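Letter by letter, the chains look like this.
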Amino acid sequence: MRRASRRTAMVTKLSDAERAELLADLPAWTLDAVRDAITRSFRFKDFSQAFGFMSRVALLAEKADHHPEWSNVWNRVDILLTTHDAGGLSMRDIELAKAIDAL
């Protein structure tokens with residue numbers, strides 16, 4: 001059975017000024033202007049560490065009801081954050097990126 005979404009308010013796309021201000025606090029993330037998203041690549045000692053990191057991110061994402069686009073190849077995890085409902089980058093992406101960085 002599908003769980004009801006925790007979203008209660010409409011998610012809005014960040015303005016250019018908001019985007020510039022908020023991304024200044026996320027220097028390890030790169031803006032993907034084509035996708036209106038932010039991306040980051042993480043490297044680990046081996047696959048086990050990469051997979052463990054993905055598990056921790058999955059728990060954060062599930063709690064936030066906001067899920068990344070990502071891929072994993074051996075010791076590398078690439079993450080892309082964008083909010084499809086907003087048509088681009090939103091506060092949800094910024095908050096999840098900050099939570100991921102805190103790991």
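Residues numbered from 1 in each chain as written. Predicted model: local features only at pLDDT ≥ 70, side-chain atom pairs only at ≥ 80, totals over all residues. Heavy atoms only, no water.

A. The arrangement of the overall build of the chain in detail. Counting secondary structure elements, the chain contains three helices and four strands. Walking the chain from its N terminus toward its C terminus, one meets helices and strands in the order α-β-β-α-β-β-α. Radius of gyration (C-alpha) of the chain: 14 Å, near the 13 Å computed for a compact globule of 103 residues. Counting only C-alpha atoms and orienting by the principal axes, one finds that the chain spans roughly 40 × 40 × 25 Å. Counting only residues that meet the buried cut, the chain has 36% of its 103 residues in that class. Considering only intrachain contacts with a sequence separation of at least 6, the fraction spanning at least 24 residues in the chain is 65%. Here the chain has roughly 6500 Å² of accessible surface; of this, 56% comes from carbon and sulfur atoms. Looking at charge distribution, the chain has the averaged site of its 15 positive side-chain charges lying 6 Å from that of its 15 negative ones. (Helix = DSSP H or I, 4+ residues; strand = E, 2+ residues; numbered from the N terminus. Rg over C-alpha atoms; globule rule 2.2 N^0.38 Å. Buried < 20%, exposed > 50% of the residue type's maximum accessible area, 1.4 Å probe, protein only. Contact = heavy atoms within 4.5 Å. Areas by Shrake-Rupley, 256 points an atom, 1.4 Å probe, with all protein chains shown as cover. Lys, Arg positive; Asp, Glu negative; His and termini not counted. Charge placed at Lys NZ, Arg CZ, Asp CG, Glu CD.)

B. Region of interest: a nonpolar patch on the surface. A cluster of nonpolar side chains, namely Phe 47, Phe 51, Val 73 and Trp 74, defines an oily patch on the protein surface of about 430 Å² accessible area. Its place among the elements puts Phe 51 in helix H2 (residues 47-64). By relative accessible area, which is 46% here, Phe 51 ends up partly exposed. (Patch = residues over 30% accessible without salt bridge, like charges linked within 9 Å, V, L, I, M, F, W, Y side chains within 5 Å. Salt bridge = Lys/Arg side-chain N within 4 Å of Asp/Glu carboxyl O.)

C. Fine view of the packing of aromatic side chains. The tally for this structure, following the rule as stated, stands at four aromatic pairs. An angle of 40° between the planes, with centres 4.9 Å apart, marks the rings of Phe 44 and Phe 53 as tilted. The exposure classification of Phe 44 matches that of Phe 53, with both residues buried. Through successive ring pairs, a cluster of aromatic residues spans Trp 29, Phe 42, Phe 44 and Phe 53. (Phe/Tyr/Trp six-rings, centres within 6.5 Å; stacked < 30°, edge-to-face > 60°.)

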